[in-house]
Amino acid sequence: MCLQWQTDLTQAAEQVLKDKASIQGIILASAKSTFFAGADLKGVMRSQASDGPRVFTEIEGIKKAFRTIETLGVPVVSCLNGTALGGGWEVALIGHHRIATANPKTQFGLPEVTLGLIPGGGGITKMTRQLGLLAAQPYVLESKLFGPEEAQKLGLVHEIVASDDQLRPRALAHIAAAQGQPEAAQHLWDRKDYKMPGGTPSNPKIAGMLSVAPAVLKQKTRGLYPAPEAALAAMVEGAMVDFDTAMRIESRYLAGLMTSQVARNMINTFFFNMNSIKGGQSRPKAAPRYKPQKVGILGAGMMGSGIAYSQASRGIATVLKDREAAEKGKAYSHKLTQKRVDKGRMTADKQAALLSLIQPTASASDLKGCDLIIEAVFENRELKAKVTQEAEPMLAEGGFFASNTSTLPISGLATASANANKFVGIHFFSPVDKMQLVEIIRGAQTMTRRLRVLRLRAGPGQVADCGERLARFLYQPYLWHLCDGRRGMLGEGIPAPVIENLAMQVGMPVGPLAVLDETALSLSVHVLDQTREDFAKEGKTYQATPGELLVERMVKEHKRPGRAAGGGFYDYPAGQKKVLWPELKTRFEKSGVSYSQQDIKDRLLYRQAVETARCLQEGVC
Ligand SMILES: CCC[C@H](O)CC(=O)SCCNC(=O)CCNC(=O)[C@H](O)C(C)(C)COP(=O)([O-])OP(=O)([O-])OC[C@H]1O[C@@H](n2cnc3c(N)ncnc32)[C@H](O)[C@@H]1OP(=O)([O-])[O-]
C-alpha cells in the first residue's frame, strides 16, 4: 500500500466510476504469488507523530476508493491466489464474492495488533459486521490468522478452487450469473435488512460481555500495548454507529497508532528484525548446515535435564551422564512430554520415540562417539575441569566440547581442555524447554570455523555469538542488579511484592526474584564462591556486592536455594500457585523505607538498556 499504489488505486476507482455503465463486474486479482501483504511497513516506520493528520487523510483516501468500488452496483470478485494479510485482507474484503485457491500455506487475516497497529482499512468494521462483536474478536484483537478452509466456514470465502488458473473463469462465471441480482453487488452490511450477528452493544447480553472485556484485555496487555485497546474501542464504538462513521472511527485510531513510537518499535522488532533473524542475516553465508548426530550432556541437574530434552525433541541421540541423577534427569523429559500426551498434543508413540533417544548413564564410556559434548555441571572451575578431561577423549573424530556456563569465562575453562580450539560456550537459558535463546560464546582460542558451524544448529532457537560478553556483562549483572544492583532493592528494604509487581508492570513476564529462584540461588552462590577462590589465588580479596551477600544469606543461612530445591524467594506449595516466602517481610523489609514506584520501574528498565547498549558497543551480535 505504498504511495504509488494509493495513487493507482484512486485513479482506478475514478476510472470505474466513469466507466460504470459499461462494467458488468470487477475482478480483484494479484500478479504475485502473495495476493497482498498490506500496508507499506517501511513507510509506517518513517511516520512521526506530527504526520497524524496526513496519515489520517491517506487512510480515508484508500477507504474512499474501496467504497467507490464496492458500492458501484456491480459484483466485485476477489481472486485470492495466495496470502492476504492486514491491508491485503482488507482489499480482499472489497469483493462481494471471494474465491481462494486451495493451498495449505495460504494465510488470511489481520496481523495488525501484533505490529502495534489496528486493521483500520475497513478490517475492524467489516469483520465485526460480518461475524459479530464476539466472534470477530480473535481475528481483530488477537490477530488469529486462518486459511482458505476456515475462511469458507466463517463465510469469509465463498468458493475454493484447486488451482490458480481456475480463479478467473470462476470469477467470470460468478459475474455472469450475478447479472440482474442487486444483492450480488452489495455487501451484507449495506443491505437494508442487515442485523449484526449476535447483536449490537445495546443487546443486554453483548453489553454484559463488553463491560468486562476491557478488564480482561488489560489483564493480558497490562496496559502496555495500545493497539488491542484501540481495536476493541473501534469495534465497540463502530458497532453503535452507521457504517461510514464506524470506518472514520477506525481511521482515527489507526492514524494515532501508525505515527506512534510503540508501533515503530514493534514493526522493527517483530517484522523487520525477526525476518532478518529468520533469513539468517548474521549467519556466515558459505557454512553448511550442521546437526550433531549424537550429543553428550554432563550433569543431569535442572539445566542438563532440560538440554537433554531440547536435543532429543529435535531427534538427536542424547547421552545424559550423571554419577547419580541421570535417570531422574531423563524423568524430566517424561514429565514434560506426559503433559502434552495428556492434553492430546502428542501421541504416546512420539513420546516413546523421544524418550528412547535419551540414554541415561553414570559411565563416561557411553559418551564414546558423541560429536558434541555439553557440560552442565555446577559453576565450579575444578569440577568443570575434571568432567572436561574425563569426557573429551570420548569425542568422535572432529567433535567438539561445550560448556553451559552462565558466568565463568570460556577461555579460562578451555585451559582444562586438550583442544582449546574446539572448546566453546553454549549457554542455554532456563527453563530450557521454553527459552528460545541460546548463547554461543567464543573463547580466545576457539576456532572461528568451529563457531560458525555451531551457530547454525546449536539449540532450540536463536543463537547469539557473543564472545564471552552476554553471559558476563548482560545476563548476570542484570540479574544481580534486580535483587541487589549497587544498593540493592530488596537489600534497601523495598518490599518484595513491590519489586515483583512493578517488574510485571514494565512488561517482564515474571518478577526478578522469581527469575532468580528459577535459575537457582545456589548457582549464584557457587559463582560467588568460585570468584572468591579465583581472587584468593591471585592474593586478592573479592568484595561481594550487597546483593551477592543477600543471596548468600538466603542459601547458607536461611536454606532457601531456589525453586528446584524446594524454595527460594518464593514458596512452591504442591499443586498451588507460588507465593512469596512470608519471612522476606520480617528479614528484609524495612519499615518506613521510602521509594518511588517510577524510580523502581526505571531502575529495572534502564539497567537493561545500558547493558544492551554496552553489548552493541562491544560488538556482541
Ligand atoms: C490502511 C490499512 C492499514 C492496514 O490495516 C495495516 C496493515 O496492513 S499492517 C501490515 C500487515 N501485513 C503484514 O503483517 C504482512 C507482512 N508480510 C508478511 O507476513 C510476509 O511478507 C508475507 C507472508 C506476505 C510473504 O512472505 P514471503 O513470501 O516469505 O516474503 P518475505 O516476508 O521475505 O517478504 C519479501 C520482502 O517484502 C517485504 N515486505 C513484506 N511485507 C511487507 C510490508 N507489509 N511492508 C513492507 N515490506 C514488506 C519484506 O520485508 C521482504 O523485503 P526484503 O527486503 O526482501 O527482505
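Residues numbered from 1 in each chain as written. Predicted model: local features only at pLDDT ≥ 70, side-chain atom pairs only at ≥ 80, totals over all residues. Heavy atoms only, no water.

- An unreviewed UniProt entry lists the protein under the name 3-hydroxyacyl-CoA dehydrogenase, from Daphnia sinensis.
- Database annotation for the protein, UniProt heading Sequence similarities (unreviewed entry): "In the central section; belongs to the 3-hydroxyacyl-CoA dehydrogenase family."
- UniProt annotates the protein under Pathway (unreviewed entry) with the comment "Lipid metabolism; fatty acid beta-oxidation." (UniProt positions renumbered as here; feature names shortened; annotations may be inferred.)

Here we look at a nonpolar patch on the surface
Then comes step 1: Together, F270, M274 and I277 make up an exposed nonpolar region whose accessible area comes to about 250 Å².
Then comes step 2: Along the chain, M274 turns up in helix α12 (residues 261–278).
Then comes step 3: Taking relative accessible area as the criterion, M274 reaches 31% and is therefore assigned partly exposed. (Patch = residues over 30% accessible without salt bridge, like charges linked within 9 Å, V, L, I, M, F, W, Y side chains within 5 Å. Areas by Shrake-Rupley, 256 points an atom, 1.4 Å probe, with all protein chains shown as cover. Salt bridge = Lys/Arg side-chain N within 4 Å of Asp/Glu carboxyl O. Helix = DSSP H or I, 4+ residues; strand = E, 2+ residues; numbered from the N terminus. Buried < 20%, exposed > 50% of the residue type's maximum accessible area, 1.4 Å probe, protein only.)

A closer look at the site of the ligand
Then comes step 1: Residues in contact with the ligand amount to 24 residues; listed here are only the nearest, A39, L41, G87, E90 and E112.
Then comes step 2: A distance of 2.7 Å separates an oxygen atom of the ligand from a polar atom in the backbone of G87.
Then comes step 3: A total of 1,000 Å² of accessible area belongs to the ligand in isolation, and the protein chains cover 63% of it.
Then comes step 4: Each residue belonging to the shell around the ligand can be placed in one class, and the counts come to 13 nonpolar, seven polar and four charged. (Near = heavy atom within 4 Å. Polar contact = N/O pair within 3.5 Å; in protein donor to acceptor, adjacent residues only side chain to side chain. Nonpolar A, V, L, I, M, F, W, Y, C, P; charged D, E, K, R; others polar.)

Looking at the nonpolar core
Soluble globular proteins tend to bury their nonpolar side chains together.
Then comes step 1: In terms of nonpolar packing, the biggest core is built from 72 residues, with I26, W89, F108, I118, M127 and V140 touching the most fellow members.
Then comes step 2: Counting residues per element, this core draws most heavily on helix α10 (residues 226–239), at eight residues.
Then comes step 3: The residues touching W89, leaving out its near neighbours within four places in the chain, are L80, A84, F108, G109, L110, M127, F146, L156 and V157. (Core = buried A, V, L, I, M, F, W, Y, C linked by side-chain atoms within 4.5 Å. Contact = heavy atoms within 4.5 Å.)

Some details on the domain arrangement of the protein
Reports of interface size often rely on the accessible area that becomes lost once the parts have come together.
Then comes step 1: In terms of domains, the protein is made up of domain 1 (9–13 + 24–269), domain 2 (294–467) and domain 3 (474–617).
Then comes step 2: On the domain 3 side, the residues contacting the twelve residues of domain 2 number twelve residues.
Then comes step 3: For the pair domain 2 and domain 3, the summed buried area comes to about 1,000 Å², and 61% of that belongs to carbon and sulfur atoms.
Then comes step 4: Of all residues in domain 2, M302, E379 and R381 bury the most surface against domain 3, accounting for 41% of the area lost on that side.
Then comes step 5: Applying the counting criterion to the domain 2 and domain 3 interface returns one salt bridge.
Then comes step 6: Between D534 and R381 there is a salt bridge, with its nearest N and O atoms 2.1 Å apart.
Then comes step 7: Run the count over domain 2 and domain 3 and you get two residue pairs in polar contact (both at pLDDT 80 or more).
Then comes step 8: Tallied by class, the residues present in the side of domain 2 that touches domain 3 amount to four nonpolar, five polar and three charged. (Domains from an automatic or database assignment. Buried area = accessible area lost by both parts, 1.4 Å probe.)

Notes on the UniProt feature "domain: 3-hydroxyacyl-CoA dehydrogenase C-terminal" (unreviewed entry) in the protein
Then comes step 1: When the UniProt feature table is mapped onto this chain, "domain: 3-hydroxyacyl-CoA dehydrogenase C-terminal" (unreviewed entry) is found at residues 489–572.
Then comes step 2: Segment residues 489–572 splits into 56% helix and 2% strand. End C-alpha atoms: 23 Å apart.

Description of the packing of helix α22 (residues 521–537) against helix α23 (residues 546–557)
Then comes step 1: Two elements in contact, α22 and α23, have axes separated by 9 Å at closest approach and are oriented at 120°. Between α22 and α23 lies a crossing whose hand is left-handed. Counted together, L521, S522, S524, V525, L528, D529 and R532 of α22 and E548, L549, V551, E552, M554, V555 and K556 of α23 form the full contact between these two elements.
Then comes step 2: Its residues assigned to classes, the contact of α22 with α23 shows seven nonpolar, two polar and five charged. (Axes fitted to C-alpha atoms, helices over the stretch in contact; angles between N-to-C directions. Left-handed = near helix turned anticlockwise from the far one by under 90°.)

Re the pattern of salt bridges
Then comes step 1: Per the stated rule, a full pass over the model turns up 25 salt bridges.
Then comes step 2: E250 serves as the salt-bridge partner of K63, at 2.7 Å between the closest nitrogen and oxygen. Separated by 187 residues along the polypeptide, K63 in helix α3 (residues 52–70) and E250 in helix α11 (residues 243–258) bring together distant segments of the chain. Judged on exposure class, the residue K63 and its partner E250 are both buried.
Then comes step 3: A salt bridge links R603 to E492; the shortest N-O distance between them is 2.9 Å. Residue R603 is found in helix α25 (residues 597–617), and its partner E492 is found in the loop between α19 (469–483) and α20 (496–505); the two are separated by 111 residues along the sequence.

Some words on the packing of helix α5 (residues 123–131) against α10
Then comes step 1: Direction vectors running N to C along α5 and α10 enclose 60°, while the axes themselves pass 9 Å from each other. Judged by the angle between their axes, α5 and α10 are oblique. For the crossing formed where α5 meets α10, the hand is right-handed. Side by side, α5 and α10 meet where I124, T128 and R129 of the first sit next to A231, A234, M235, G238 and A239 of the second. (Parallel < 35°, antiparallel > 145°, perpendicular 65-115°, else oblique.)

Considerations on α12
Then comes step 1: With 18 residues, α12 should reach 26 Å at 1.5 Å per residue; the first-to-last C-alpha distance of 24 Å fits that figure.
Then comes step 2: A maximum bend of about 30° is found in α12 at N268.
Then comes step 3: Among the residues trailing α12, G280 stands out with phi positive, at a value near 70°. (Expected span 1.5 Å × (residues − 1). Bend = angle between axes of the 7 residues up to and from the residue.)

Looking at the side chain of T259
Then comes step 1: Among the structural elements, T259 can be located in the loop between α11 and α12.
Then comes step 2: Polar side-chain contacts of T259 include one of 2.8 Å to the backbone oxygen of A255.
Then comes step 3: Excluding its chain neighbours within four sequence positions, the residues that come into contact with T259 are S47, Q48, A49, D51, G52, V55 and R264.

Comments concerning the sheet that holds strand β4 (residues 97–101)
Then comes step 1: The sheet built from four strands is open, its strands ordered β1-β2-β4-β6 with parallel pairing. With one partner strand each, in any of the chains shown, β1 (26–28) and β6 (159–161) form the two edges of the open sheet. Taking the axes of each pair of neighbouring strands and ignoring which way they run, one obtains an average angle of 20° across the sheet.
Then comes step 2: Sheet analysis places β1 next to strand β2 (residues 76–80), joined by three bridges and oriented parallel. (Pairing = 2+ DSSP bridges.)

Overview of the side chain of S78
Then comes step 1: One can find S78 in strand β2.
Then comes step 2: S78 gets classed as buried once you look at its relative accessible area, which sits at 0%.
Then comes step 3: Ignoring anything within four residues of it in the chain, the contact list for S78 reads L28, V91, A92, G95, H97, R98 and I99.

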